[in-house]
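Residue-level structure breakdown
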Amino acid sequence: MGAVVLLVMLLYVILAVSLVFLVRWITPKKLYRWLAVAFVILLPTWDAVLGYMIYYPACLFIPKVAIYETAQSEGIYYEGANDYVYMFDRRGRDITEEELTQVGSIHEAIKRGYSFAEAKVVEKYDDAFLSPQTRVRIMPTTYRCVPLPADSRRSDYQRTSCSAVSEAQSRYMVKVATVKLGPAQINFKKIIEISSGKLMAEYNRVALKDYYGIFIPFFSWLEWGGRPGIGYQCPGTEREYFDFEFKVLKPKH
């Protein structure tokens, strides 16, 4: 992959220089020449420039972490997070029929000790191991996942059984709203008591994608090298953000 990217970069540099010289040959005006230079520089990097322009100012005003109330709960319900479902093909996999449907990373919540975890799902992957993955929008559907007995062959993995249900049973909701601006994103995570609508806690963060330090940031907006993860965020760390609801809602045993 690295050799291919280097070759593409070299070809782009040749084309970019050729374009600038072409503009110079067509017109003697320096304004058009500098516009051509700006164009060939920004075309492969505009998303990174936009991301940094948004990230640093937003970090001055958006971040907030507050816990107003904690509770114990048998379950946990997500909206705006864990909102995708995997429909596995059993062929070639050593898994049971119950495990063919998996919802986001909701097994992490089950692993924490909840009796069940739920999510409003709006996207579906036909198969998690296909390349490229087939991802489609679906009608919003509530899924409930419950733990399955541990498998000695996969002792570190929490097995789950997930199925569509008519409505959520959990008393508490983790509601996440995300605003994406190029590689920058703003996340508003709120923990709410569903019956009363009471806000129990909130975590607002600003995050910036990580390009893995490879050929940064050459045409990264095409996502040709895969989907990058979070490289920078404020406040706190990515783990603190993802674990926030578990500090507010404690599993009831």
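Residues numbered from 1 in each chain as written. Predicted model: local features only at pLDDT ≥ 70, side-chain atom pairs only at ≥ 80, totals over all residues. Heavy atoms only, no water.

**A short note on the overall build of the protein**
Tallying secondary structure elements over the protein gives six helices and 13 strands in all. Burial status across the protein gives 41% buried among its 253 residues. Nonlocal contacts in the protein, meaning residues at least 24 apart in sequence, comprise 62% of its contacts between residues at least 6 apart. A total accessible area of about 14,900 Å² is found for the protein, and carbon and sulfur atoms account for 61% of it. (Helix = DSSP H or I, 4+ residues; strand = E, 2+ residues; numbered from the N terminus. Buried < 20%, exposed > 50% of the residue type's maximum accessible area, 1.4 Å probe, protein only. Contact = heavy atoms within 4.5 Å. Areas by Shrake-Rupley, 256 points an atom, 1.4 Å probe, with all protein chains shown as cover.)

**As for the state of the cysteines**
Overall, the coordinates contain two disulfides when judged by the stated rule. Note on cysteine connectivity: C59 is disulfide-linked to C234, with sulfurs 1.9 Å apart. On the sign convention where negative is left-handed, the bridge of C59 and C234, at about -100° about the S-S bond, is left-handed. Taken together, the positions of C59 in the loop between helix 3 (46-58) and strand 1 (64-67) and C234 in strand 12 (residues 230-234) put the pair 175 residues apart, joining distant regions of the chain. The same class applies to C59 as to C234, namely buried. Here C145 is linked by a disulfide to C162, with a sulfur-sulfur distance of 2.1 Å. On the sign convention where negative means left-handed, the S-S torsion of about 115° between C145 and C162 marks this disulfide as right-handed. In this pair, C145 is assigned in strand 7 (residues 135-147) and C162 in strand 8 (residues 160-165), connecting sequence segments 17 residues apart. (Disulfide = S-S within 2.5 Å.)

**Observations regarding the nonpolar core**
Grouped together as the largest cluster of nonpolar side chains are 28 residues, with contacts concentrated most on I76, Y78, V103, I191 and L249. Counting residues per element, the ones that place at least two in this core are strand 3 (75-79), helix 4 (107-111), strand 6 (116-125), strand 7, strand 9 (172-181), strand 11 (198-209) and helix 6 (244-248). Not counting residues within four places of it along the chain, the set of residues in contact with V103 comprises N82, Y84, V85, A119, V121, Y143, C145 and C162. Ranked by size, the runner-up nonpolar core spans nine residues in total, among them Y55, A58, V206 and C234. (Core = buried A, V, L, I, M, F, W, Y, C linked by side-chain atoms within 4.5 Å.)

**Quick word on the side chain of H107**
Mapped onto the elements of the fold, H107 is located in helix 4. Overall, H107 belongs to the buried group, its relative accessible area being 18%. H107 has contacts with Y157, Q158 and T160, leaving out every residue within four places of it along the chain.

**Thoughts on the packing of aromatic side chains**
Counted under the stated rule, the structure contains eight aromatic pairs. Ring centres of Y203 and Y241 lie 5.3 Å apart, and the angle between their planes is 85°; on these two criteria the pair is classed as edge-to-face. Here Y203 is found in strand 11, whereas its partner Y241 is found in helix 5 (residues 238-242), with 38 residues between them in sequence. When sorted by exposure, Y203 lands in the same class as Y241, which is buried. Geometrically, the ring pair formed by Y203 and F244 is edge-to-face, given 5.3 Å between the ring centres and 80° between the ring planes. (Phe/Tyr/Trp six-rings, centres within 6.5 Å; stacked < 30°, edge-to-face > 60°.)

**Quick notes on the pattern of salt bridges**
Taken as a whole and assessed by the stated rule, the structure comprises 12 salt bridges. Among the salt bridges present, the one from E118 reaches R144, with a minimum N-O distance of 2.7 Å. Separated by 26 residues along the polypeptide, E118 in strand 6 and R144 in strand 7 bring together distant segments of the chain. You can call R144 buried: its relative accessible area is 16%. Taken together, the shared-partner salt bridges in this structure form one network comprising E69, R171, E193 and K198. (Salt bridge = Lys/Arg side-chain N within 4 Å of Asp/Glu carboxyl O.)

**As for the side chain of R159**
Assignment of secondary structure puts R159 in the loop between strand 7 and strand 8. At 2.4 Å, the side chain of R159 forms a polar contact with the backbone oxygen of P149. With near-sequence residues (within four places) excluded, R159 lies in contact with T96, E99, V146, P147, L148, P149, A150, D151 and R154. (Polar contact = N/O pair within 3.5 Å; in protein donor to acceptor, adjacent residues only side chain to side chain.)

**What about unusual backbone geometry?**
Following C234, the chain continues to P235 via a peptide bond in cis, the omega torsion being 0°. Looking at the secondary structure, you find P235 in the loop between strand 12 and helix 5. One non-glycine residue, N82, lies in the positive phi region at around 50°. Position of N82 relative to the elements: it lies in the loop between strand 3 and strand 4 (84-87).

By themselves, these figures tell us nothing about what the structure is for.
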